[in-house]
Amino acid sequence: MTFKELNISEPILKALANKNYKTPTPIQEQAIPIALDGRDLLGLAQTGTGKTAAFAIPIIQQLSLSQNKSRKREIAALVITPTRELAIQIDECFTDYAKHTGIRNTVIFGGVSQRPQVDQLNNGTDILIATPGRLLDLINQKVITLEHIRHFVLDEADRMLDMGFIHDIKRLLPLLPKQRQTLFFSATMPAAIDQLSKTILHKPVKVEVAPVSSVVDTIEQHLYFVEKPQKSDLLISLLAKEKNKSVLIFSRTKHGADKIARILTKKGVGCEAIHGNKSQGARQRALTNFKSGTTKVIVATDIAARGIDIANLELVINYDLPDVAETYVHRIGRTGRAGKHGTALTFCAPEERVMLKDIQKLTGKVLNTVATRA
Ligand code: AMP
């Protein structure tokens, strides 16, 4: 299957060729025809499956075909996503795919000054990508109206629930026109999300790819049994062998992330830590440096790392095991994206064996153990 066979228009095909996307991913293959048909969609897919393009492409295409040059630009499509990092990444995707179409997109999120965002909105936009809090603020201030929305995307619905955004979403829904297309994405379907989807979607088509328990087989996974006090030495010796790779290290706590970053810095390893106690600016700078390769190693907590999308991330290290087994799958899913090869190394201290058992149960795979003295 090719993008052309999915009836994608020339300007978008050109943008996809520029991105070097050769063939659609499974979620794209399934979701794009449904969305182009104007139907509602319930997409069960996690980050890393190519789901952003699966909703962005049909929206850009539908808007560009109905473009009326004489009309004032009004927000015709709205994408809601739980974190700033995801919002920025989705906005970048829209910018890339819409490059040759004349369709404009804008992103808004909290934690930074409103002014530049308001100025951009006043310049006119066709597509708005937003986190829920800032969106509601600007609606209340009458900077934004949702009355012209024709396409609505709810991204990462289960994380919205986790992060306490469900009430915000419920406040937004009555402000949307009834006549609209809704594309609803979630990695998992807890009862509350299932219920929410039923109130939002109209005769949806369900599309499901790679359930959360499955790890793509392009990711090589290794396990190190190590006493807690020896973890930092092991990390340093492993990093010494992987000098030019981009590495994402996961820590369970903010304090732990800072500590790991301090130890590495002392050993001369250039690295940065990102977590919720850092300012939005500092987090964004660290991510930009990591994406450009200026910083090779980043230490992150699970919340801060949500949705981090680095095209060439080769190595993920689980310095600590996560409390929830699904988090392991999310973590290592940051590497081995879109068919690329990736490696995930996991450190397990004796007190973490219980969590390891859960992970192996969920993924249905016993991790390959490497001798502790690396
Ligand atoms: P997502 O699940 O939307 O976060 O996308 C995961 C990654 O896959 C992103 O880095 C995209 O740029 C990349 N990607 C999406 N679609 C394709 C495709 N058809 N071919 C190659 N890479 C893709």
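Cut-offs and rules
- Residues numbered from 1 in each chain as written.
- Predicted model: local features only at pLDDT ≥ 70, side-chain atom pairs only at ≥ 80, totals over all residues.
- Heavy atoms only, no water.
- Domains from an automatic or database assignment.
- Axes fitted to C-alpha atoms, helices over the stretch in contact; angles between N-to-C directions.
- Helix = DSSP H or I, 4+ residues; strand = E, 2+ residues; numbered from the N terminus.
- Parallel < 35°, antiparallel > 145°, perpendicular 65-115°, else oblique.
- Left-handed = near helix turned anticlockwise from the far one by under 90°.
- Contact = heavy atoms within 4.5 Å.
- Nonpolar A, V, L, I, M, F, W, Y, C, P; charged D, E, K, R; others polar.
- Pairing = 2+ DSSP bridges.

## Quick look at the domain arrangement of the protein chain
Phase 1 of the analysis: As far as domains go, the protein chain holds domain 1 (4-210) and domain 2 (213-369).
Phase 2 of the analysis: Summarising the inter-unit geometry, the C-alpha centres of domain 1 and domain 2 are found 29 Å apart.

## Remarks on the packing of helix α3 (residues 51-65) against helix α4 (residues 84-98)
Phase 1 of the analysis: Close contact between α3 and α4 brings their axes to 10 Å; oriented N to C, the two are set at 45°. It follows that α3 is oblique to α4 by the angle criterion. As α3 runs across α4, the sense of the crossing is right-handed. Residues Thr52, Ala53, Phe55, Ala56, Ile57, Ile59 and Ile60 of α3 form the contact with α4, whose own contacting residues are Ile90, Cys93, Phe94, Tyr97 and Ala98.
Phase 2 of the analysis: A class-by-class count of the residues in the contact of α3 with α4 yields eleven nonpolar, one polar and no charged.

## A short note on the sheet that holds strand β8 (residues 219-225)
Phase 1 of the analysis: If you trace the seven strands from one edge of the open sheet to the other, you get β10-β11-β9-β12-β13-β8-β14, paired in parallel fashion. The open sheet is flanked by β10 (271-274) and β14 (368-370), the only strands paired with a single partner. Between one strand axis and the next, the sheet turns through 25° on average, direction left out of account.
Phase 2 of the analysis: Lying on the sheet, helix α11 (residues 254-266) is in contact with β9 (247-250), β10 and β11 (297-300); it crosses β10 at an angle near 175°.
Phase 3 of the analysis: Across the face of the sheet, helix α14 (residues 325-332) comes into contact with β8, β9, β12 (315-318) and β13 (342-348) while running at roughly 155° to β12.

## A word on the packing of helix α2 (residues 26-36) against α3
The packing of two helices is summarised by the inter-axis angle and the distance between the axes.
Phase 1 of the analysis: Packing of α2 against α3 brings their axes to within 9 Å, and their N-to-C directions diverge by 25°. Accordingly, the angle class assigned to the pair α2 and α3 is roughly parallel. The element α2 and its partner α3 pack so that their crossing is right-handed. Where α2 abuts α3, its residues Ile27, Gln28, Ala31, Ile32, Ala35 and Leu36 lie against Lys51, Ala53, Ala54, Ile57, Pro58, Gln61 and Gln62.
Phase 2 of the analysis: Its residues assigned to classes, the contact of α2 with α3 comprises nine nonpolar, three polar and one charged.

## Regarding the sheet that holds strand β7 (residues 205-208)
Phase 1 of the analysis: An order of β3-β4-β2-β5-β6-β1-β7 is seen for the seven strands of this open sheet, with the pairing classed as parallel. Where the open sheet ends on each side, the last strands, each with one partner, are β3 (105-108) and β7. Adjacent strand axes in the sheet meet at a mean angle of 15° when their direction is disregarded.
Phase 2 of the analysis: Looking at chain direction, strand β2 (residues 77-80) and strand β5 (residues 151-154) are connected through four bridges and run parallel. Opposite Ala77, over in β5, you have His151 as the bridge partner.
Phase 3 of the analysis: Against the sheet, α2 engages β1 (41-44), β6 (181-186) and β7, with an angle of about 165° to β7.

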